[in-house]
Amino acid sequence: GGAGAPPRGGGGAADGGGGEPGPGVAPSPEVEAACALEARLQQAVTAHRFLVLTVAPKHLLRAEAELVQRFPVTRISLEALLIEEMKAIAAAAGAKWDVVLKADAAAHDSTDWRRLQLLVRQAMPAVECALLTAEQPVLLVYPGLLARYDQMSLLETLRDACSQRHDVPGYIVLVASDAQRPL
């Protein structure tokens, strides 16, 4: 190793391994960042908090799998939940789903788009209820339709519930993003 490199013995604990720096050896910034993230995730799960994580799109599926494997969370696709509720409301109203799909492709100033937005707004209370009454902390994935349909306020509602109520499960929102910017 070169100057500043850890000793070949691994720089671990006194027993000769373990991968953690020994006494007097500072962990790398990457290790510090990983430990801080792990602590934030654990806090979000155990204290029923709200946390948004951004991850590069190419790492999204791996990050999702890691979170589900390492933490006691229920994975819920916001996209699937919203579509499920929209389909139920459309069916109850006698609307054909292919008409809804065509409305989704319509211009945003069209009557069809406005009708679609009404359907979305009618579905949102059931989506919110399903999330607020979840039995354990929730990993929320695929929030893109919330943005498309101007329903990002759902995330604000969940965030506020985590800070104001004691009966909510807590939420980790996983967002694919190439850039680090506030939501």
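Residues numbered from 1 in each chain as written. Predicted model: local features only at pLDDT ≥ 70, side-chain atom pairs only at ≥ 80, totals over all residues. Heavy atoms only, no water.

Engineer: Summarise the nonpolar core; cite the residues concerned and give the values.
Structural biologist: In terms of nonpolar packing, the biggest core is built from 31 residues, with Met86, Leu116, Leu131, Leu140 and Tyr171 touching the most fellow members. Of all elements in the fold, only helix 3 (78-92), helix 4 (97-105), helix 5 (111-132), strand 3 (138-141), helix 6 (144-148), helix 7 (153-164) and strand 4 (171-176) reach the threshold of two or more residues within this core. In terms of residues, this core owes the most to one element, helix 5, which gives nine residues. Dropping the residues within four chain positions of it, tyrosine 171 is found in contact with Arg49, Phe50, Leu51, Leu131, Leu132, Val138, Leu140, Leu158 and Cys162. Residues Leu41, Ala63, Val141 and Ile172 belong to the second largest nonpolar core, which totals 15 residues. (Core = buried A, V, L, I, M, F, W, Y, C linked by side-chain atoms within 4.5 Å. Buried < 20%, exposed > 50% of the residue type's maximum accessible area, 1.4 Å probe, protein only. Helix = DSSP H or I, 4+ residues; strand = E, 2+ residues; numbered from the N terminus. Contact = heavy atoms within 4.5 Å.)

Engineer: Describe the sheet that holds strand 1 (residues 50-55), with residues and values.
Structural biologist: Spatial ordering of the open sheet is given by 1-4-3-2, a layout of four strands whose pairing is parallel. Either end of the sheet is taken by a strand with one partner, and the two such strands are strand 1 and strand 2 (74-77). Ignoring which end each strand starts from, the neighbouring axes of this sheet average 25° apart. As judged from the four bridges shared by strand 2 and strand 3, these two strands associate in the parallel manner. For threonine 74, the partnering residue across the bridge sits in strand 3 and is valine 138. In the packing of helix 2 (residues 60-70) onto the sheet, contacts are made with strand 1, strand 2, strand 3 and strand 4, and the angle to strand 4 comes to roughly 165°. Together, strand 2 and strand 3 form the strand contacts of helix 3, whose direction differs from that of strand 2 by roughly 60°. (Pairing = 2+ DSSP bridges. Axes fitted to C-alpha atoms, helices over the stretch in contact; angles between N-to-C directions.)

Nothing here speaks to function; it is geometry throughout.
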